[in-house]
Amino acid sequence: MAAPAKPSAPAPASTSASSGAPRPSGGGSSAGPPGRARSRSRAGLVRRRCQWLLSWVPVLFIASILAWSYYAYVAQLCILTMNNIGEKVMCLITYHLFFMMFLWSYWKTIFTLPMNPSKEFHLTYAHKEFLEKEPRSEIHQEILRRAAKDLPIYTRTMSGAIRYCDRCQLVKPDRCHHCSVCDKCILKMDHHCPWVNNCVGFSNYKFFLLFLAYSLLYCLFIAASDLHYFIKFWTNGLPDTQAKFHIMFLFFAAAMFSVSLSSLFGYHCWLVSKNKSTLEAFRAPIFRHGMDKNGFSLGFTKNLLQVFGDEKKLWLLPIFSSQGDGCSFPTCLVNQDLERAVSPAGRSNPNKNENNPHFPSKPLRDSQSHLLTDTQSWTETSASIEKNKLGTSNPALTMENET
Ligand SMILES: [Zn+2]
Ligand SMILES: [Zn+2]
């Protein structure tokens, strides 16, 4: 996706020109700095358009391979080479089934917009203004902590601070990360995939998995049904037409893609079984009690349902059916977070939830069935907050700068 247009910063020269510096005699002084700014913004526009075009190259590459494989399999192998009518019909029907599912899931992965955090996570105008004026990071953290008070977030930065995106000016929901390519915060971001020219995250992770599964099945089916004719090619059993070269390359391409896709698909199956994203597999999420690589894991079946949903009939179709809203996730570690364990679910303070109708008790209710004893939770007492207000340096309060 193309990066959104960034506001061009005013040229430093224009500031000095307008601040009373003597101007050279003769006309044209007013056309200088604005002219430069215009040409700079035009250059920026051209660069962004070029980047946008380049970002579609991998998708076009896959689309061209797919188009060629269709021609090679359907026209050259099935129609022109196969003699047995039964085999021809069976191969054509099965091929088109896999082809359609592959295309459908690929299309949905590419064109499903990634979901961004809802407005509850954005800082209010007053908070933003306060942050801009306040240079001390401790006070920043205090403001963020207040902004995040009623939000269903359990993860923290490496240093224990509230996860904040200064680019989008929002408190990051759990499992949300800022994508430097899309220049946006993406809910449950998995990774930015150049092959689909899109961010893979909460909104399209199921589609991405199905895309891997159907593309693997597509390649395996082609390789299996082409194997017999591939052997004939090497034993001179095929007529000397151009079809024989399509048959040979088709087998090589299908076998090669099958190997790479099976390892990628296997890896993502493992991630689903552990309820991890690719980013979380590289860097485990950090909760208030510390890092926990299985912090979001609820057991194999529940982990599977998180991605595929409750309706079994939708599991194999690229139709959205994942559980949750992408902003909050059940975790079995909630009780290690003392602040959260007594807040929005309403056990100790049932009125608190009334202020935040968008986040009902679902995530906590789910997780409180797994309550654990707490010995090492982060407890932020009013004394420590007071200390921060006085400007005492606290390494736990540095902001996360995550891309
Ligand atoms: Zn962001
Ligand atoms: Zn992205």
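Since the model is a prediction, treat every value here as computed from it, not as a measurement.

Undergrad: Explain the overall build of the protein to me, please; I cannot follow it from the model alone.
TA: Secondary structure summary: the protein contains 13 helices and nine strands in total. When burial is assessed residue by residue, the protein has 31% of its 403 residues classed as buried. Put simply, of all contacts in the protein between residues at least 6 apart along the chain, 65% involve residues at least 24 apart.

Undergrad: Explain helix H6 (residues 137–147) here, please?
TA: Taken residue by residue, H6 has His140, Gln141, Leu144 and Ala147 as its buried positions. For H6, the buried positions fall inside an angular range of 120 degrees around the axis, keeping them on one side.

Undergrad: I keep staring at the sheet that holds strand E1 (residues 155–156) and nothing clicks. Help me out?
TA: In a beta sheet, neighbouring strands are held together by backbone hydrogen bonds and run either parallel or antiparallel to one another. Strand order in the open sheet made by the three strands is E1-E8-E9, with antiparallel pairing throughout. Looking along the sheet, the strands with just one partner apiece sit at the ends: E1 and strand E9 (290–291). In terms of strand pairing, E1 meets strand E8 (residues 286–287) through two bridges, oriented antiparallel. Within the sheet, the bridge partner assigned to arginine 156 lies in E8 and is isoleucine 286.

Undergrad: Any chance you could explain the nonpolar core here in plain terms?
TA: One recurring pattern in soluble globular proteins is that nonpolar side chains are buried together. Ranked by internal contacts, the top residues of the largest apolar core, which has 55 residues, are Val171, Cys219 and Leu250. Among the elements that line this core, the one with the most residues is helix H7 (residues 205–234), at 14 residues. When residues are assigned to domains, this core turns out to be shared by domain 1 (60–112 + 205–274) and domain 2 (119–198 + 284–397), each giving three or more.

Undergrad: Just to check I follow, could you spell out the UniProt feature "transmembrane region" (unreviewed entry) in the protein for this structure?
TA: Summarizing the sequence annotation, UniProt attributes the feature "transmembrane region" (unreviewed entry) to residues 52–73, 85–107, 207–225 and 245–267 in the numbering used throughout. In this annotation, residues 52–73 is assigned 95% helix and 0% strand; the end-to-end C-alpha distance for the span is 32 Å. Counted over residues 207–225, helix gives 100% and strand 0%. Its end C-alpha atoms are 26 Å apart.

Undergrad: Looking at this structure, I do not really get the packing of helix H3 (residues 57–79) against helix H8 (residues 243–274). What am I missing?
TA: Two quantities define a packed helix pair, namely the angle between the axes and the distance from one axis to the other. Taken N-terminus to C-terminus, the directions of H3 and H8 make an angle of 135 degrees; their axes are 10 Å apart at the nearest point. If you check the angle between H3 and H8, you find them oblique. When you trace H3 past H8, the crossing you get is left-handed. Contacts between H3 and H8 involve Ser69, Ala72, Tyr73, Gln76 and Leu77 from the first element and Ala243, His246, Ile247, Leu250 and Ala253 from the second. In the contact of H3 with H8, the residues fall into seven nonpolar, three polar and no charged.

Undergrad: I tried to follow unusual backbone geometry on my own but got confused; where do I start?
TA: If a residue is not glycine, its phi is most likely negative; likewise, a peptide bond is most likely trans. The phi angle at asparagine 197 is positive, at roughly 50 degrees, despite the residue not being glycine. In this model, asparagine 236 sits at a positive phi of 55 degrees, which is unusual for a non-glycine residue. Within the fold, asparagine 236 resides in the loop between H7 and H8.

Criteria and thresholds
- Residues numbered from 1 in each chain as written.
- Chains lettered and ligands numbered in written order.
- Predicted model: local features only at pLDDT ≥ 70, side-chain atom pairs only at ≥ 80, totals over all residues.
- Helix = DSSP H or I, 4+ residues; strand = E, 2+ residues; numbered from the N terminus.
- Buried ≥ 20, exposed ≤ 12 C-beta atoms within 10 Å, placed from the backbone.
- Contact = placed C-beta atoms within 7 Å.
- Arc of directions from axis to C-beta.
- Pairing = 2+ DSSP bridges.
- Core = buried A, V, L, I, M, F, W, Y, C linked by C-beta atoms within 7 Å.
- Domains from an automatic or database assignment.
- UniProt positions renumbered as here; feature names shortened; annotations may be inferred.
- Axes fitted to C-alpha atoms, helices over the stretch in contact; angles between N-to-C directions.
- Parallel < 35°, antiparallel > 145°, perpendicular 65-115°, else oblique.
- Left-handed = near helix turned anticlockwise from the far one by under 90°.
- Nonpolar A, V, L, I, M, F, W, Y, C, P; charged D, E, K, R; others polar.

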